[in-house]
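# Per-entry structural report
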Amino acid sequence: MHPEYNPSDVEAKWQKKWADAHEFEFDIKKAKNPYYLMVMFPYPSGAQLHVGHWFQYSIPDSFGRFQRMRGKDVFHPMGFDAFGLPAENYAIKTGTPPAKSTQENVDAMIEQFKRMGVMFDWKYSLNTSTPEYYRWTQWLFLQMHKHDLAYRKEGNVNWCPKDQTVLANEQVKDGCCERCGTEVIQKPLTQWYWKITDYAQRLLDGLENLVWPEKTKLMQQHWIGRSEGAEIIFEIANDEKRAPWAEDEAPSKITVFTTRPDTLFGVTYVVLAPEHPLVEKITPEKHRGAVNAYKEEVKKKTEMQRTALEKDKTGVATGAYAIHPVTGEKLPIWIADYVLMNYGTGAVMAVPAHDERDFAFAKEYSLPVIQVVDGGDITESAFTSEGIATNSEFLDGLPTKEAKKKMIAWLEDAEKGRGIINYRLRDWLVSRQRYWGSPIPIVYDPEGNPHPIPEKHLPWMLPTDVEFKPTGKSPLTESKEFIERTEKIFGKGWTPEFDTMDTFVCSSFYYLRYLASGDDKHLIDPTIEKKWMPVDMYIGGPEHATMHLIYARFVMMALKDFGFVSHEEPFQRLVHQGLITNQGAKMSKSKGNVVSPDSFVEEYGSDVFRMYLMFMGPFTDGGDWSDTGIKGIARFVQRVWRLISEKSDAKVSDSRDVLMKLHRTIKSVTDGLETLHFNTAIASLMELLNTLESQEKISLETAQTFAKLLSPIAPHLAEELWSTLGGKGFVIDQSWPQFDHAQLQSDTLTIVVQVNGKLRGDITVDAKAKKEDIIAEAKKDPNVAKYIESGIKKEIYVPEKLVSFVV
RNA sequence: GCCGAAGUGGCGGAAUUGGUAGACGCGCACGACUCAAAAUCGUGUACCGCAAGGUGUGAGGGUUCGAUUCCCUCCUUCGGCACCA
């Protein structure tokens, strides 16, 4: 008699045995066959782990166990992305210091992870909000600064006038403050940026060799937004009515960017972004009123409203004129909000005949439209495709591609422009007017010039004498200790930088710090980095496709240039897990639709729960939560437990059919786990179990192989089974079963017979049968014979699969 | 608007160098065991049809002996970008 499998006892037992044997304690120095498996680290929220966490962390653990059994030394660390808004907001609400609530949450989460039965070695953990970690965040800032990749400039932030606070993009809902509903305005602020744009081309090129979802690569390509074109210089017409300015700073030219230099002869006006610094200088007195009024109007619009306008183009003429670089014609200069200051040069040459936005604008303000590319009708809309140049002097008759080249060559000769590549990527704004982040390691002298804090003062501690109430300034400005500390070290009148760093900075290099084992002298040991990087498999949500995954790549490239690492790319293979929803909606505390795994784990055990999550569908798809099928997995576990131990017999050997099924299962489980199709891997184990069930007895070897195949996906059950079957040591330490090609082949084949593509029968033939014999056999099938009476026109034979007759 | 992914039984999903659509599981129905229930086991389960047979992978067309798979048009859902010059 076999007692029922009791998951809670068995799982607790094996978790203890693993711990006692130090089974999952890792040594990155000793590892011989490194495999670096990382899952994006969580934010330590106060809520319990939910079904989504189990999906995200238990399934990769199964993948790690599989790689481990295949002989890899799998390093699979876990840490916490602990700086960020929620803890700060919680502090504003309750007064609890973020450091305190964060630590409590981290501790609680670690306890829950342990119950999951995952292989994390907590000795390698990290927490980005600890001084031991953020000293490296600050070190990274200093390195960026040292290599001229960090600079300050004025930029706009989302500002809530009522709450007196800077808002993150996700706190802005429909142009209003998420909390109080006040309309959010754009406020200029001087902040720190990192020059990620210097790396645009490398970030683009590097994508090619990465084993990443194509979709993600494409998103990064769009994000980087490379476009080839030309910068063209338009002189400003010398007009006595223009604005007064000092002779030496007289602006004399506007530089525009265009991807269509071939249409230069079709330019009928020039447009500047309303924020363009030249606007003020070129606008003649007479037009200032209208221009300033328009600028005010644009400033009031949030980004949302500005982009929602779609078709209605607005703008105003500045009254100034530009000179066409080839024809010398005078072209009016307009300002319009459809031209963006942060793309290209903030100025465009308008070719209404061949650009939709210019066309709409020209129609609105009755500006001339000149066709310079043949091949389309421009009476109703712009013709934006390529064609043959016309009305274009020396370009006439050339196809677009050649016309572009010739125009660029002409401009370069005449020194009126040049061919350039433009990127949409913008520099990374790393300043945050927040408390709960890493302080920026910069101090200002009494004249206000920034100076990097010498490395010996790191970690540059985050002060604690701060109230968390919003005041309109960075919270650190309140800290007396912070200011006193700065003056004590640097001198009277010196002040610290009060902003903290974006949390994406913390997560841009954490893959290196896991490997550093807390080393406080070096970011990472170069030999360890060489051995372990890049990360072999990185798993995380698709919401990080651009931001985090581009920042991390940029930082790795920069660190390589600085000489600290040997690799260019941090993540070799990337997989996005799907999202587990509840009734179609993302699980969140605010919606109150969070599903807790606790009651299921208690009833069925963690093996069943994680297996059920795997069985729901492909890992990359996620799915809508429903507990209706979990019983099927629970049944499977009980049947495995009962049948495998009951039927195994060291004295029997298996039939050819059983061996074939076994080897086919080894193959499909291996393929399934390698490609993260855990659902099909489990299905094929179920099929194998169904086959074994019909046997009187099975060999001990087959039973043990079953336990091994089960081990990554149901680790506790597999250990229990393995020990019951007399296996030595832990099943997780066994090597992964190999399949034998010879055993995959059946002695007979089923050949399908079609007539005119319709299935009419099937025949069973010897695996070695010849084509002619198989076709002859197919013709004899009584049902097939009926359909081929009228005569066969064509015979098609697909080896080992089918015969098709055309009549 | 543009870019990308997807759409298969009552449900989750299998199957793609084009070759038996619906593996595996859930649910459901009937049966066995039971005083009974649960659990377990067995049988059946895409649709229409008594059957022969026919239909069927979002809709419509195309290529092919043969299409869930390839091509075109459209619809729906999801994700991303959003006046990018």
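Anyway, here's the lowdown on the structure attached to this text. Per chain, residue numbering runs from 1 following the sequence as it is written. Chain A is the first chain written and ligand 1 is the first ligand written, with later ones labelled in order. It should be noted that, the model being predicted, local features are given only for residues of pLDDT at least 70 and side-chain atom pairs only at 80 or more, the latter also being counted only at that level, while totals for whole chains, interfaces and linings use all residues. Derived side-chain values reflect all non-hydrogen atoms in the structure, with water molecules and hydrogen atoms excluded from consideration.

### Looking at the overall build of chain A
Looking only at helices and strands, chain A features 27 helices and 33 strands. Buried, partly exposed and exposed residues are distinguished by accessible area as a fraction of the type maximum, computed with a 1.4 Å probe on protein chains only: under 20%, between the cut-offs, and over 50%, respectively. Burial statistics for chain A: of 807 residues in total, 52% are counted as buried. For chain A, the accessible surface area stands at approximately 37,500 Å², while carbon and sulfur atoms represent 50% of it. His is not counted here, nor are the chain ends, while Lys and Arg score as positive and Asp and Glu score as negative. To locate a charge, the coordinates of NZ of Lys, CZ of Arg, CG of Asp or CD of Glu are taken. Taken together, the 97 basic and 113 acidic charged side chains of chain A have centroids lying 2 Å from each other. Put simply, DSSP marks the helices as runs of H or I at least four residues long and the strands as runs of E at least two long, and each gets a number from the N terminus on. To be clear on the numbers: accessible area is Shrake-Rupley with a 1.4 Å probe, and residue cover counts the displayed protein chains and nothing else.

### Side note on the environment of R426
Among the structural elements, R426 can be located in the loop between strand 16 (417–422) and strand 17 (428–429). For the pair formed by R426 and W194, sequence separation is 232 residues and the distance between their alpha carbons is 9.5 Å.

### Brief notes about the protein's contact with RNA strand B
Taken together, 51 residues are adjacent to RNA strand B, and T259, K313, Y343, M616 and R635 come closest. By convention in this text, a residue qualifies as near a molecule or strand provided that one of its non-hydrogen atoms is within 4 Å of it. For RNA strand B, the fraction of protein-proximal atoms (within 4 Å) that sit in sugar or phosphate groups is 63%. Contacts described as polar in this section are N or O atom pairs within 3.5 Å, which, within protein, must combine one atom able to donate a hydrogen with one able to accept it, while residues neighboring in sequence count only if both atoms come from side chains. In this structure, a sugar or linking oxygen belonging to RNA strand B sits 2.4 Å away from a main-chain N or O atom of T259. One nitrogen or oxygen atom from the side chain of R635 is found 2.5 Å from a phosphate oxygen belonging to RNA strand B. When residues in the surface near RNA strand B are grouped by element, the largest group, six residues, is from helix 22 (residues 678–693).

### A few points about the pairing of strand 10 (residues 269–272)
On a regular strand, each side chain points to the face opposite its neighbour's, so the side chains alternate between the two faces of the sheet. The alternating pattern of strand 10 places Y269 and V271 on one face and V270 and L272 on the opposite face, and all of these are buried. Strand pairing is assigned whenever DSSP detects at least two bridges linking the two strands. Where strand 10 meets strand 13 (residues 347–350), four bridges bridge the pair, whose relative direction is antiparallel. Bridge assignment links L272 to a residue of strand 13, and that residue is A347. Direction of pairing for strand 10 relative to strand 12 (residues 330–336): parallel, over a ladder of three bridges. In the strand pairing of strand 12, V270 is matched with I333.

### Some thoughts on the pattern of salt bridges
Put simply, a salt bridge is a Lys or Arg side-chain nitrogen that is within 4 Å of an Asp or Glu carboxyl oxygen. With the rule as written, the count across this model stands at 33 salt bridges. For D27, the salt bridge goes to K30, with nearest N and O atoms at 3.9 Å. With relative accessibility at 30%, the residue D27 sits in the partly exposed group. Exposure remark for K30: the relative accessible area of 64% places this residue in the exposed category. Residue R68 pairs with D733 through a salt bridge whose shortest N-O separation is 2.9 Å. Of this pair, R68 sits in helix 2 (residues 51–69) while D733 is found in the loop between helix 24 (715–724) and helix 25 (741–744), placing the two residues 665 residues apart along the sequence. Judged by relative accessible area, R68 falls into the partly exposed class, the value being 22%. Taken together, the shared-partner salt bridges in this structure form one network comprising R202, K560, D561 and E568.

### Here we look at unusual backbone geometry
In this structure, the amide linkage connecting L458 to the following residue, P459, adopts the cis form with an omega of -5°. Following the sequence through the fold, P459 ends up in the loop between strand 20 (450–452) and helix 13 (480–490). The omega torsion of the bond from M533 to P534 falls at -5°, within 30 degrees of zero and hence cis. Topologically, P534 is positioned in the loop between helix 16 (526–532) and strand 23 (537–540). Of note in this structure, S517 is not a glycine but carries a positive phi near 50°. Relative to the helices and strands, S517 is located in the loop between helix 15 (510–514) and helix 16. A residue is classified by how much of its surface remains accessible, and S517, at 43% relative accessible area, is partly exposed. For N756, which is not a glycine, the phi torsion comes out positive at approximately 55°.

### Some details on the packing of aromatic side chains
Centres within 6.5 Å are what make two rings of Phe, Tyr or Trp a pair, Trp counting through its six-membered ring; a difference in plane orientation under 30 degrees is then read as stacked, over 60 as edge-to-face, and the rest as tilted. Counted by the stated rule, this structure contains 54 aromatic pairs. Judged by centre distance (5.8 Å) and plane angle (70°), the rings of F26 and W532 are edge-to-face. Within this pair, whereas F26 is found in the loop between helix 1 (7–20) and strand 1 (34–39), its partner W532 is found in helix 16, the two being separated by 506 residues in sequence. Residue F26 is classed as buried on the basis of its relative accessible area, which comes to 15%.

### Points about the sheet that holds strand 23
Pairing between the strands of a sheet comes from backbone hydrogen bonds, and it takes one of two forms, parallel or antiparallel. Spatial ordering of the open sheet is given by 2-1-23-24, a layout of four strands whose pairing is parallel. Only two strands of the sheet have a single neighbouring strand rather than two, namely strand 2 (73–75) and strand 24 (574–576). Each strand of the sheet is rotated relative to its neighbour by a mean of 20°, with strand direction disregarded. Bridge count for strand 23 against strand 24 is three bridges, and the pairing is parallel. Directly across from Y538, in strand 24, lies its bridge partner L574. Note on contacts: a residue pair is in contact if any heavy atoms of the two residues lie within 4.5 Å. Axis definition: a line fitted to C-alpha atoms, over the contacting stretch in the case of helices. Angles run 0 to 180 degrees between N-to-C directions. The strands touched by helix 2 within the sheet are strand 1, strand 2 and strand 23, with strand 1 carrying the most contacts at an inclination of about 175°.

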